[in-house]
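Structural characterization, general
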Amino acid sequence: MKHLRQIILDTETTGFYYDRDDRLIEFAGLEMIDRRLTGNYLHLYVHPERDIPEEAAKVHGITLDQLEGKPKFAEIGQQIADFIAGAELVIHNAPFDVGFLNAEFRRAGLPSVEELTANVVDTLVMARAMYPGQKNSLDALCTRLEVDRSKRVFHGALIDCELLSEVYLGMTRSQFSLADQFAEEESAEADAPAVVIAPTERPAQLKVLAANAEENAAHEAYLDELDKKAEGGSIWRKTP
């Protein structure tokens, strides 16, 4: 049985526009296998080779001074590519993070997210389908699904991954519980000892018991009653 490897992923950036001059400054990914966090993760700060606007720093709490001496993306891009390779990514508002990763991968001469990974699950799209007309930010989903976010001071990538992992499990619990049940039943059936049913012996000739005169008379009387109730007579006396 193939195990499902997923990476709960989030990034922080200098701004909103990966197709202009904004850059990635933080990457975080938590590994989950078969819906269980493994404890394996990748968390990196990246020097953006440009300034960080004050408005962005107010959101994630990261300043350019804090990134002095941190590696540039070209130095750690392969590490990120290796970490996500072959996995299914779980991201809230996936086009944003995938757009930034692809822009950085392209600059570093690395394959795109689509080429590296098996699939991308966007929890924002899932939430909009499950809770139409409601707020579906990560904060709103944490409140709705009773996920504790008391440790979240800034909008950091690693803490957001931890919150998103709980949100994702909460949104998909019923979907996977039935699949897990079927998997457990199939596993139990596979492990159970085979039951062999011995064939029963048939007698050489079956004994036929014919109706006696009294039973024939009772049967005819019953058919007479059916003829009276059925228009055109009952079908039991018609020749096939």
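Residues numbered from 1 in each chain as written. Predicted model: local features only at pLDDT ≥ 70, side-chain atom pairs only at ≥ 80, totals over all residues. Heavy atoms only, no water.

The name given to the protein in an unreviewed UniProt entry is DNA polymerase III subunit epsilon, with Eikenella corrodens CC92I as the source organism. According to its UniProt record, the protein has this under Catalytic activity (unreviewed entry): "DNA(n) + a 2'-deoxyribonucleoside 5'-triphosphate = DNA(n+1) + diphosphate". (UniProt positions renumbered as here; feature names shortened; annotations may be inferred.)

1. Some thoughts on the overall build of the protein
When you go through the protein residue by residue, the secondary structure sums to 8 helices and 5 strands. Counted from the first residue to the last, the protein has its helices and strands arranged as β-β-β-α-α-β-α-α-β-α-α-α-α. Counting the 240 residues in the protein, one finds 38% classified as buried. Accessible surface, the protein as shown: approximately 15700 Å² in total, 53% of it carbon and sulfur. (Helix = DSSP H or I, 4+ residues; strand = E, 2+ residues; numbered from the N terminus. Buried < 20%, exposed > 50% of the residue type's maximum accessible area, 1.4 Å probe, protein only. Areas by Shrake-Rupley, 256 points an atom, 1.4 Å probe, with all protein chains shown as cover.)

2. Considerations on helix 2 (residues 73-84)
Its 12 residues place the ends of helix 2 15 Å apart at the C-alpha level, agreeing with the 16 Å of an ideal helix rising 1.5 Å per residue. Buried within helix 2 we find Phe73, Ile76, Gly77, Ile80, Ala81, Phe83 and Ile84. Taken end-on, helix 2 shows its buried residues confined to a sector of 160°, consistent with a single buried face. Residues of helix 2 that are exposed and point more than 90 degrees away from the buried face comprise Glu75 and Asp82. (Expected span 1.5 Å × (residues − 1). Arc of directions from axis to C-beta.)

3. Description of the sheet that holds strand 3 (residues 36-45)
One open sheet accounts for 5 strands, arranged 3-2-1-4-5; its pairing is mixed. Each of the sheet's edge strands pairs with one partner strand only, and the pair in question is strand 3 and strand 5 (119-122). Sheet twist, expressed as the mean angle between neighbouring strand axes with direction ignored, is 25°. As paired strands, strand 2 (residues 24-33) and strand 3 are joined by 7 bridges and run antiparallel to one another. The residue bridging Ile33 from the neighbouring strand is Arg36, located in strand 3. (Pairing = 2+ DSSP bridges. Axes fitted to C-alpha atoms, helices over the stretch in contact; angles between N-to-C directions.)

4. A word on the packing of helix 2 against helix 3 (residues 94-108)
The interhelical angle for the contact between helix 2 and helix 3, taken along N-to-C directions, is 120°, at an axis separation of 9 Å. Relative to helix 3, the element helix 2 is oriented oblique. For the pair helix 2 and helix 3, the crossing hand works out as left-handed. Packed against helix 2, whose contacting residues are Phe73, Ala74, Gly77, Ile80, Ala81 and Ile84, the element helix 3 presents Leu101, Glu104, Phe105 and Ala108 at the interface. (Parallel < 35°, antiparallel > 145°, perpendicular 65-115°, else oblique. Left-handed = near helix turned anticlockwise from the far one by under 90°. Contact = heavy atoms within 4.5 Å.)

5. Re the packing of aromatic side chains
Here the distance between the centres and the angle between the planes together describe a pair of aromatic rings. Throughout the structure, instances matching the rule amount to 4 aromatic pairs. Their ring planes at 70° and their centres at 5.8 Å tell us that Tyr18 and Phe100 sit as a pair that is edge-to-face. With a gap of 82 residues between them, Tyr18 in the loop between strand 1 (5-13) and strand 2 and Phe100 in helix 3 connect regions that are remote in the sequence. On the accessibility criterion, Phe100 (1% relative accessible area) is buried. Relative to Phe100, the ring of Phe96 has its centre 5.0 Å away and its plane inclined at 50°; by these criteria the two rings are tilted. Pair noted here: Phe96 and Phe100 are both in helix 3, with a separation of 4 residues, about one helical turn. Taken together, the ring pairs connect Tyr18, Phe96 and Phe100 into an aromatic cluster. Here the basic side chain of Arg20 rests over the ring of Tyr17, its NZ or CZ set 4.1 Å away from the ring centre. Arg144 extends its terminal NZ or CZ atom over the ring of Tyr131, reaching a point 4.5 Å from the ring centre. (Phe/Tyr/Trp six-rings, centres within 6.5 Å; stacked < 30°, edge-to-face > 60°. Lys NZ or Arg CZ within 6 Å of the ring centre and 35° of its normal.)

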